[in-house]
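Inside the fold
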Amino acid sequence: MIASLKRAIVHILDANSGVSVYSEEELDVTDASINSFITKHIEKVFEDASMRNAEFSENSGFKYHLAEYIKDENYFITMSKFIAQRVYEELLNRISRFV
C-alpha cells in the first residue's frame, strides 16, 4: 500500500501509432478519484510477479534526474518527461525487433 501520493503526471506513450505526448501539468492528487486511479495502477506494479530489483549505474541518466529531483522538487516534471522518453524509446526498440 502507498503511504501517500505527493505528485503524479500522465504522459501518453503509444509506440504502436508512433505517438508520444509529454504533459507539462501535474495531476491534482488531492482529488480522491485521481488519487485512487493512480494508486491502483502503482499497486498493480508492486503485485506483478515479474517485478525485479535494479540498481542505477554511476552514469545513469535516471540516477542524475532523480538526484536533481531530490535537490529540488520543482524538477518533477522535467524528471518525469526524461523517464517517459526513455520508456518510449525502449517500447519503440522492442516493437522494431518484432517487425
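Read on for an overview of the structure. (Residues numbered from 1 in each chain as written. Predicted model: local features only at pLDDT ≥ 70, side-chain atom pairs only at ≥ 80, totals over all residues. Heavy atoms only, no water.)

1. What to know about the nonpolar core
- With 6 residues, the main nonpolar core is built from Ile9, Tyr69, Tyr75, Phe76, Ile77 and Met79.
- Top element by residues in this core is helix H3 (residues 76-98). It accounts for 3 residues.
- Ignoring sequence-local partners within four residues, the contact set of phenylalanine 76 consists of Arg7, Ala8, Ile9, Glu26 and Tyr69. (Core = buried A, V, L, I, M, F, W, Y, C linked by side-chain atoms within 4.5 Å. Buried < 20%, exposed > 50% of the residue type's maximum accessible area, 1.4 Å probe, protein only. Helix = DSSP H or I, 4+ residues; strand = E, 2+ residues; numbered from the N terminus. Contact = heavy atoms within 4.5 Å.)

2. So, the packing of aromatic side chains
- Scanning all chains against the criterion turns up 3 aromatic pairs.
- When the centroid spacing of 5.6 Å and the interplanar angle of 70° are considered together, the rings of phenylalanine 62 and phenylalanine 82 count as edge-to-face. Note that phenylalanine 62 is positioned in helix H2 (residues 61-71) and phenylalanine 82 in helix H3, a separation of 20 residues in sequence.
- Classification of phenylalanine 62 by relative accessible area gives partly exposed; the value is 31%.
- Owing to a relative accessible area of 15%, phenylalanine 82 belongs among the buried residues under this scheme.
- Their ring planes at 55° and their centres at 5.8 Å tell us that tyrosine 69 and phenylalanine 76 sit as a pair that is tilted.
- A relative accessible area of 17% means that tyrosine 69 is categorised as buried.
- Here a set of aromatic residues connected by ring pairs shows up, and it is made of Phe56, Phe62 and Phe82. (Phe/Tyr/Trp six-rings, centres within 6.5 Å; stacked < 30°, edge-to-face > 60°.)

3. Topic: the packing of H2 against H3
- With their axes 9 Å apart at the nearest point, H2 and H3 run at an angle of 165° to one another. One finds that H2 runs roughly antiparallel with respect to H3. Classified by chirality, the crossing of H3 by H2 is left-handed. Mapping the contact onto sequence places Gly61, Phe62, His65, Leu66 and Tyr69 in H2 and Phe76, Met79, Phe82, Ile83 and Arg86 in H3. (Axes fitted to C-alpha atoms, helices over the stretch in contact; angles between N-to-C directions. Parallel < 35°, antiparallel > 145°, perpendicular 65-115°, else oblique. Left-handed = near helix turned anticlockwise from the far one by under 90°.)

4. Structural notes on the side chain of serine 80
- Mapped onto the elements of the fold, serine 80 is located in helix H3.
- Its relative accessible area of 10% is what places serine 80 among the buried residues.

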